[in-house]
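Okay, here's what each chain looks like letter by letter:
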Amino acid sequence: MNSSHSGFEETQGTRSFPNIDLLYDYGQFLRRATQAIGHLPPAIADKHIGIVGAGLSGLIAAYELLRAGATRITLFEASKDHLGGRFLTQCFDETQPQFIAEMGAMRFPPSEVGLFHYLDRFGIGTTEAFPDPGVVDTEIHYRGETHHWPAGENPPPIFNTVHRGWNAFLKEGVRLDDGTFLAPPLLLTDLLEKQQYAEVQPEWQRYLDCFGDHSFYSAMVQIFTSKNPPGGKRWRKPEDFHLFGSLGIGSGGFQSVYRASFTEILRLVINAFEVNQRLVPNGISTLWERIADEEFHGIALRDRICRTRIESISKGADGQILLQGCNGETYGCDRVITTATTRALQVNMRLTQAEQFVNRDVARAINETHMVGSSKLFILTRDKFWLKHGLAQNIQTDTLVKGVYCLDYAPQDPDSWGVVLISYTWEDDSHKMVSMTDKVQRCKRLVDELAMSAPEFASHLVPLDGDYQRYVLEYDWLTDKQALGAFKLNFPGDDLYSQRLFYQFKTALDPQQDTGLYLAGCGSSFTGGWAEGAVQTALNGACAVIASLGGELLEGNPLFELQSHFRYC
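The following refers to the structure shown. (Residues numbered from 1 in each chain as written. Predicted model: local features only at pLDDT ≥ 70, side-chain atom pairs only at ≥ 80, totals over all residues. Heavy atoms only, no water.)

### Comments concerning the sheet that holds strand β16 (residues 335-338)
Next up, step 1: Reading across from one edge, β12-β3-β2-β16-β24 is the order of the 5 strands in this open sheet, with parallel pairing throughout. The open sheet has two free edges, formed respectively by β12 (305-306) and β24 (517-519), since each of these has just one partner strand.
Next up, step 2: The sheet contact formed by strand β3 (residues 72-76) and β12 spans 2 bridges and is parallel. Bridged to Leu-75 within β12 is Ile-305.
Next up, step 3: Sheet strands in contact with helix α3 (residues 56-67) are β2 (48-52), β3, β12 and β16, and its direction is about 175° off that of β3. (Pairing = 2+ DSSP bridges. Helix = DSSP H or I, 4+ residues; strand = E, 2+ residues; numbered from the N terminus. Contact = heavy atoms within 4.5 Å. Axes fitted to C-alpha atoms, helices over the stretch in contact; angles between N-to-C directions.)

The structure is reproduced here in structure tokens:
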């Protein structure tokens, strides 16, 4: 259900867009930082900085600290077989590396200005070819019937009420039964683009006050069964809410996240994360690879990575922060940035066990923040059968399969292989996938399920050369021993946790609170699961380290300029 709002007509290198919860422009700050975000003079440049996690957030934090003059940085990475965290691009065939499966992040809206800053810096292009529902020819399989949705047109007639209602809400807002008027989300987006913070702040606060304790489902019920529902027609329970759950808000069905916080979903809309989503043809792992190849002081960043899982973090007698690796080694650091998921911080690193480095409020946020499960299964097919046979390029179902996306990594060659993401699932739907531990069994089960409603499409879902072991790739983030889940997605009432985690880095400003350890990673942001949260918190952590060590920061940096403008409880 794509909005007509586009925006971001500037070239990639000049984008500017503050997120709704922050009202701070990271794009503008990065444009200023042509040389570095700050400076560590020689007297303190050799302080040992430890960064836990070599995903996007950890690598950007290291990269910016090295640009600022740091000379002793060690990144600690628990994974033995890859870097990049949830920037996980896998290749089907090493002889044809352009055919890939994005197991983690895979679609990137231009409003992620921090991410696009680094994509530009390292010469990584994007394309508008991501096959979201309605952007390409789509089928929605609902209650045993198939509904065709031609590219660029309105959804099928059965979805008219929910489509019109949702778009009316985006453009017109809603007046609740108690008389409260909530501004149109797209107006908030426009105000953000224009950086009219005084106008946007009270409008977002009103949403937080009204719906901060509501699930996505309960808020939608209140909005669309009110006396004056957006679109002029009250939604039927449960029929229309089931229809909306299958249609979604632009990137696929949202039925599985109906229990998530309403404000968590709405901020994605206001931040323009659900529109104009782009594909990285060479794979998003290209970004971390190029960052890791950067050399400072004659040493490539990747050569500063220590392959060990940090199992505990403690204080040394001399005030150093001691990182205990699973290899039996202990590493003394003067400052530490952690970029692991909140579950890894609690379970694998025991960060909240003694509360030496974070206060009780932050410890609770780490322990209680909800992370979703997510599963994917890709097939490499011998051709782009959907083009040859005029089939849908995207299928959304209310069965076991859920979301199907046909990906074209060789658009210039009509006879090339095809890549099909046959199942992209979250939460309970992902937990069902986890129960099928054998990927061949899972693949055949999903194809069999899809054949019930799309037999012709399913008949082509055979891996190249019939080789299921080689040309079927799957991943379950819930069983990843380092991540323990895919990404943060708040439950109702939990936005306060995001606030505590995100602003923890500002303890660097207060010697009484500064423990020398700072949280980063998308799980410590307001936008879990989006690369922009990883970039923002990486910059936060790097600024905190520079300031805490006594260095100088570039004017307009987030440590000094970023303020908390909202109440979340």
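### Re the packing of aromatic side chains
Next up, step 1: Across all of its chains, the model carries 36 aromatic pairs by this definition.
Next up, step 2: With 5.9 Å between their ring centres and 70° between their planes, Tyr-63 and Phe-296 make a pair best called edge-to-face. You can see Tyr-63 sitting in helix α3 and its partner Phe-296 sitting in strand β10 (residues 295-296), a full 233 residues away along the chain. We note that Tyr-63, like Phe-296, is buried.
Next up, step 3: Residues Phe-216 and Tyr-258 carry aromatic rings whose centres are separated by 5.7 Å and whose planes lie at 45° to one another, so their mutual orientation is tilted. You can see Phe-216 sitting in helix α8 (residues 216-224) and its partner Tyr-258 sitting in the loop between α9 (239-247) and α10 (262-270), a full 42 residues away along the chain.
Next up, step 4: The class for Tyr-258 is buried, based on a relative accessible area of 5%.
Next up, step 5: Across the ring face of Tyr-424, the terminal group of Lys-376 is positioned such that the distance to the ring centre comes to 4.8 Å.
Next up, step 6: Its end group placed over the ring of Tyr-468, Lys-444 keeps NZ or CZ at 4.9 Å from the ring centre. (Phe/Tyr/Trp six-rings, centres within 6.5 Å; stacked < 30°, edge-to-face > 60°. Buried < 20%, exposed > 50% of the residue type's maximum accessible area, 1.4 Å probe, protein only. Lys NZ or Arg CZ within 6 Å of the ring centre and 35° of its normal.)

### A word on the pattern of salt bridges
Next up, step 1: On inspection of all chains with the given rule, the structure shows 24 salt bridges.
Next up, step 2: The closest approach of N and O atoms between Glu-64 and Arg-67, which form a salt bridge, is 2.8 Å. Pair noted here: Glu-64 and Arg-67 are both in helix α3, with a separation of 3 residues, about one helical turn.
Next up, step 3: Within this structure, Asp-21, Glu-264, Arg-267, Lys-488 and Asp-495 form a network of salt bridges that share partners. (Salt bridge = Lys/Arg side-chain N within 4 Å of Asp/Glu carboxyl O.)

### Describing the environment of Thr-286
Next up, step 1: Mapped onto the elements, Thr-286 comes out in helix α11 (residues 285-293).
Next up, step 2: Residue classification places Thr-286 among the buried positions, given a relative accessible area of 9%.
Next up, step 3: When the C-alpha atoms of Thr-286 and Ser-564 are compared, they prove to be 34 Å apart, with 278 residues separating the residues in sequence.
Next up, step 4: From its side chain, Thr-286 meets the backbone oxygen of Asn-282 in a polar contact 3.0 Å long. (Polar contact = N/O pair within 3.5 Å; in protein donor to acceptor, adjacent residues only side chain to side chain.)

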